[in-house]
Amino acid sequence: MIEIQNFTKRYGKKVAVDDVTTTIKPGKVTGFLGPNGSGKSTTMRAIVGLDTPTLGTVTVNGKRYADLSAPMTEVGALLDAKSLHPGRSAFNNLMALAHTHRIPRSRVNEVLNLVGLSEVAKKRPGGFSLGMGQRLGIAVALLGDPKIIILDEPVNGLDPEGVRWIRELLRSLAAEGRTVFLSSHLMSELSQTADHLVVIGKGKLMADESMDDFLQGAGVGTVQVSSPTIEELLDHLRGPQVSVKPVKPGTVTISGLEARSIGAVAAQHGITLYELTTHQTSLEEAFMDLTRDAFEYRSK
Ligand SMILES: Nc1ncnc2c1ncn2[C@@H]1O[C@H](COP(=O)(O)OP(=O)(O)OP(=O)(O)O)[C@@H](O)[C@H]1O
């Protein structure tokens, strides 16, 4: 579990993160979403003690990172994939870390296998593609078999196969009961991986909710229906997966049903419809709506 309490980080006059409070829970993939410059990396750096909060506290399993006795076995982080020694082989980079953290050699081979780099283990990361570098960075993060995994934009540079691979890897780590926290500036990336979403804009917390609630609140996959006898129609549509939000008298948005099913039920009961529109909001639009005023850099 990662607990972030009233975390504020200032660089001189610049407020990078502004009074953020959230808890990242185990057994889930939590996505950390925000436009460029919104404070994601600063928050992640604070979790692993690379940045000191100006105000507030950031703890992992109830302790500050600096107070952990075996940090690599508690928290694994991929923050900057380029931070490895470029002239040392992938294997030796991992071995050096394993050695200083009392991690057995067998684990080095295990993680190289896990990230699909066994065949290039003797090669130097200086010559790696961006995607291979990311995989090696993930191997470093997983080396200590940590309960908490933090990844800053892990999908950067990965090809579609790599993206699918990392998605499955993160889901399986969460299924093992680990805390998985990953950042991205793209909603589409997180929507397929994250169970929970923390959204940040210009350093401020903008949303902290389950992915399902976020999508529902944003109107993704909803249908707007108008009818002079809307209540009668709703009586026929109720079900455990169906939720209804009033828009104005006679008009509602419905999630959990497709327009065609709603139309069919209306026809079956002779109910007049004035409107039956599938909401086409994309995930990216929903995210942009939420952080509309929070973009530091926006292309015109
Ligand atoms: N060491 C620093 N000194 C001064 N300002 C900084 C420093 N580090 C970050 N900032 C500023 O703090 C803000 C948040 O930066 P941060 O890197 O945390 O954002 P981010 O959400 O990770 O963005 P990106 O997706 O571009 O990496 C930005 O305005 C950035 O310019």
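Before reading further, recall that the structure is shown in the block above.
These figures come from a predicted structure and were not determined experimentally.

Contact geometry for helix H3 (residues 90–100) and helix H4 (residues 105–114): axes closest at 9 Å, N-to-C directions at 135°. Put simply, H3 runs oblique to H4. When the axes of H3 and H4 are compared, the crossing they make is right-handed. Between H3 and H4, the residues in contact are Ala90, Phe91, Leu94, Met95 and Ala98 and Arg105, Arg107, Val108, Val111 and Leu112, respectively. Of the residues contributing to the contact of H3 with H4, the split by class is 8 nonpolar, no polar and 2 charged.

Right, let's talk about the nonpolar core for a bit. Judged by nonpolar contacts, the single largest core of 61 residues is most densely connected at Leu94, Leu112, Ala139, Leu143 and Ile150. Among the elements that line this core, the one with the most residues is helix H5 (residues 130–142), at 7 residues. Look past the residues within four positions of Ile150 in its chain and what remains in contact with it is Met44, Ile47, Val48, Val75, Ala77 and Phe181. Counting residues in hydrophobic clusters, the runner-up holds 7 residues, among them Val223, Val225, Val252 and Ala266.

Moving on, we get to unusual backbone geometry. In this structure, Asn6 takes a positive phi of about 45° despite not being glycine. Judged by C-beta crowding, with 13 C-beta atoms within 10 Å, Asn6 ranks as partly exposed. For Glu153, which is not a glycine, the phi torsion comes out positive at approximately 45°. Checked against the element boundaries, Glu153 lands in the loop between strand S6 (148–152) and helix H6 (160–175).

Looking now at the site of the ligand. Residues in contact with the ligand amount to 13 residues; listed here are only the nearest, Tyr11, Ala16, Lys40, Ser41 and Thr42. Among the secondary structure elements, those contributing two or more residues to the shell around the ligand are strand S2 (14–24) and helix H1 (40–47). In terms of residue count, the dominant contributor to the shell around the ligand is H1 (3 residues). By residue class, the composition of the shell around the ligand is 2 nonpolar, 8 polar and 3 charged.

The subject of this paragraph is the sheet that holds strand S1 (residues 2–11). Pairing within the open sheet is antiparallel, and its 3 strands lie in the order S2-S1-S4. Edge strands, defined here as strands with exactly one partner in the open sheet, are S2 and strand S4 (55–60). Strand-to-strand twist in this sheet, taken as the mean axis angle between neighbours without regard to direction, amounts to 20°. Bridge analysis of S1 against S2 gives 7 bridges, and the strand direction is antiparallel. The residue bridging Phe7 from the neighbouring strand is Val20, located in S2. Docked against the sheet, H1 engages S1, S2 and S4, running at close to 120° with respect to S1.

Judged by pairing direction, the sheet is mixed, and its 6 strands sit side by side in the order S5-S6-S7-S3-S8-S9 without closing on themselves. Two strands lie at the open edges of the sheet, namely strand S5 (75–78) and strand S9 (204–210), each paired on one side alone. Ignoring strand direction, the axes of neighbouring strands in this sheet form an average angle of 15°. Strand contacts of H1: strand S3 (28–33), S6, strand S7 (179–184) and strand S8 (196–201), with the helix running at about 150° to S6, the strand carrying the most contacts.

Right, let's get into the pairing of strand S11 (residues 243–248). Judged by how many residues are buried, S11 sits mostly at the surface: 0 of 6 residues are covered. When S11 meets strand S12 (residues 251–255), the two strands line up antiparallel, connected through 5 bridges. Following the sheet pairing, Val244 is matched in S12 by Ile254. Between S11 and S12, which pair antiparallel and follow one another directly, the connecting turn spans 2 residues, one of which, Gly250, has a positive phi of 85°.

Here is what the cut-offs are and how they apply
Residues numbered from 1 in each chain as written. Predicted model: local features only at pLDDT ≥ 70, side-chain atom pairs only at ≥ 80, totals over all residues. Axes fitted to C-alpha atoms, helices over the stretch in contact; angles between N-to-C directions. Helix = DSSP H or I, 4+ residues; strand = E, 2+ residues; numbered from the N terminus. Parallel < 35°, antiparallel > 145°, perpendicular 65-115°, else oblique. Left-handed = near helix turned anticlockwise from the far one by under 90°. Contact = placed C-beta atoms within 7 Å. Nonpolar A, V, L, I, M, F, W, Y, C, P; charged D, E, K, R; others polar. Core = buried A, V, L, I, M, F, W, Y, C linked by C-beta atoms within 7 Å. Buried ≥ 20, exposed ≤ 12 C-beta atoms within 10 Å, placed from the backbone. Near = placed C-beta within 6 Å. Pairing = 2+ DSSP bridges.

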